[in-house]
Amino acid sequence: MIQVCFHGAESTGKSVLADRLRKRFGWPWVPEYGRSFCETMGLELTMGDLLEIAEGHDRAVRGAALLQPQVLVLDTDPLMTAAWAQMLFDDVPEALLAYPKADLYLLFEPDVPWVADGTRFFGTEEKRARFAAIAEDMLARTGVTYRRIAGDWPFREAQAVAAIEEALRRAGAKPPVR
């Protein structure tokens, strides 16, 4: 099993692509825990909320991993929660960096239109660029393997599939039939 984490600023297609790959290949997808948290608890986040979001997401990943799928897609993880902590509070608790890491991170570039959906914060070009830079910094800071995903929607999907197939080959697994 490989875990592939979709990472990056808001409104870059992570959830949409995770659902498309689930439908196309049958790969299970762990949705973004922070979204459901905010939809239930509201948008006035504290650092304690971010720590709770990371723990909830980690629990969901561990539960999904018990099924041992060939590919487990994570719609963000505690490293993205660390980026939120940096963006909102200019601080990153070490606890957010200590969670297990995915085998591959796909960093989604903010080069597609931003869409307000009621849970998004950073829609200006300046804030979006800053958040994207912070998200990438979390990947570099922790030394994880990542690939950039950019371009229009079909190109994003093709890049993601190619990166996942490459990771499967490196792990000695057979890539899926397209």
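Note: the structure precedes this text.
For every chain, the first residue of the written sequence is number 1, and numbering continues from 1 onward in sequence order. Totals for whole chains, interfaces and linings use all residues, but because this is a predicted model, local features are given only for residues with pLDDT of at least 70 and pairs of side-chain atoms are given and counted only at 80 or more. In computing side-chain values, all of the structure's heavy atoms are included and hydrogens and water are not.

A. Molecular detail of the packing of aromatic side chains. Stacked, tilted and edge-to-face pairs are distinguished by plane angle, under 30 degrees for stacked and over 60 for edge-to-face with tilted covering the rest, among Phe, Tyr and Trp rings (Trp via its six-membered ring) whose centres lie within 6.5 Å. One pass over the structure, following the stated rule, counts three aromatic pairs. A ring pair is formed by Trp 84 and Phe 131, whose centres lie 4.9 Å apart and whose planes are at 70 degrees; its orientation type is edge-to-face. Note that Trp 84 is positioned in helix α4 (residues 78–89) and Phe 131 in helix α6 (residues 125–142), a separation of 47 residues in sequence. Strands are runs of DSSP state E lasting at least 2 residues, helices are runs of H or I lasting at least 4, and numbering of each runs from the N terminus.

B. Spatial organisation of the environment of Cys 5. Within the secondary structure, Cys 5 sits in strand β1 (residues 2–8). The class of Cys 5 is buried, set by a relative accessible area of 0%. It is 6.2 Å that separates the C-alpha atoms of Cys 5 and Leu 106, two residues lying 101 residues apart in sequence. The contact criterion used throughout is that any non-hydrogen atoms of two residues lie within 4.5 Å. Once you skip the residues sitting within four places of it in the chain, Cys 5 turns out to touch Leu 74, Thr 76, Asp 77, Ala 102, Leu 104, Tyr 105 and Leu 106. For every residue, the accessible area (1.4 Å probe, protein chains only) is compared with the maximum for its type, and the residue is labelled buried under 20%, exposed over 50%, or partly exposed between those bounds.

C. Molecular detail of the sheet that holds strand β2 (residues 29–30). Between any two strands, pairing holds if DSSP finds at least two bridges. Read from one edge to the other, the open sheet built from five strands follows the order β2-β3-β1-β4-β5, with strand pairing classed as parallel. On the outer flanks of this sheet lie β2 and β5 (146–149), each paired with one strand and no other. Across two bridges, β2 lies against strand β3 (residues 71–75) in parallel orientation. If you follow Trp 29 over to β3, its bridge partner there is Val 73. Where helix α1 (residues 14–25) meets the sheet, its contacts fall on β1, β2, β3 and β4 (104–108), and the angle it forms with β1 comes to roughly 150 degrees. Inter-axis angles, ranging from 0 to 180 degrees, are taken between N-to-C directions of lines fitted to C-alpha atoms, where helices are fitted over the stretch in contact.

D. Region of the structure containing the pairing of β1. A large share of β1 lies buried, amounting to seven of its seven residues. Neither face of β1 is open: one carries Ile 2, Val 4, Phe 6 and Gly 8, the other Gln 3, Cys 5 and His 7, and all of them are buried. One ladder, built from five bridges, connects β1 with β3; its direction is parallel. By the bridge assignment, Ile 2 is partnered in β3 with Val 71.

E. The arrangement of the nonpolar core in detail. Residues belong to a common nonpolar core when they are buried Ala, Val, Leu, Ile, Met, Phe, Trp, Tyr or Cys residues joined through side-chain atoms within 4.5 Å. Membership of the largest hydrophobic core comes to 36 residues, with the highest contact counts inside it found for Leu 50, Leu 72, Leu 74, Ala 83, Tyr 105, Phe 131 and Met 138. Listing elements by their share of this core, those giving two or more residues are α2 (33–41), α3 (47–65), β3, α4, α5 (94–97), β4 and α6. When residues no more than four places from it in sequence are discounted, the contact partners of Leu 72 are Met 1, Ile 2, Gln 3, Val 4, Pro 28, Val 30, Val 61, Ala 64 and Ala 65. Membership of the second largest hydrophobic core comes to 20 residues, among which are Leu 17, Leu 21, Leu 104 and Val 161.

F. Spatial organisation of the packing of α4 against α6. At their nearest, the axes of α4 and α6 sit 9 Å apart, and the two run at 130 degrees to each other. By the angle between their axes, α4 is oblique relative to α6. The two elements α4 and α6 meet at a crossing, and its hand is right-handed. Contacts between α4 and α6 involve Leu 79, Met 80, Ala 82, Ala 83, Trp 84, Gln 86 and Met 87 from the first element and Lys 127, Arg 130, Phe 131, Ile 134, Ala 135, Met 138, Leu 139 and Thr 142 from the second. Lys, Arg, Asp and Glu make up the charged group, whereas Ala, Val, Leu, Ile, Met, Phe, Trp, Tyr, Cys and Pro make up the nonpolar group; the residues left over, Gly among them, are polar. Within the contact of α4 with α6, the residues separate by chemical class into 11 nonpolar, two polar and two charged. Any angle that is under 35 degrees is reported as roughly parallel, and any over 145 degrees as roughly antiparallel; angles of 65 to 115 degrees are reported as roughly perpendicular and all others as oblique. Handedness of a crossing follows from how the near helix is turned relative to the far one, being left-handed for an anticlockwise turn of less than a right angle and right-handed for a clockwise one.

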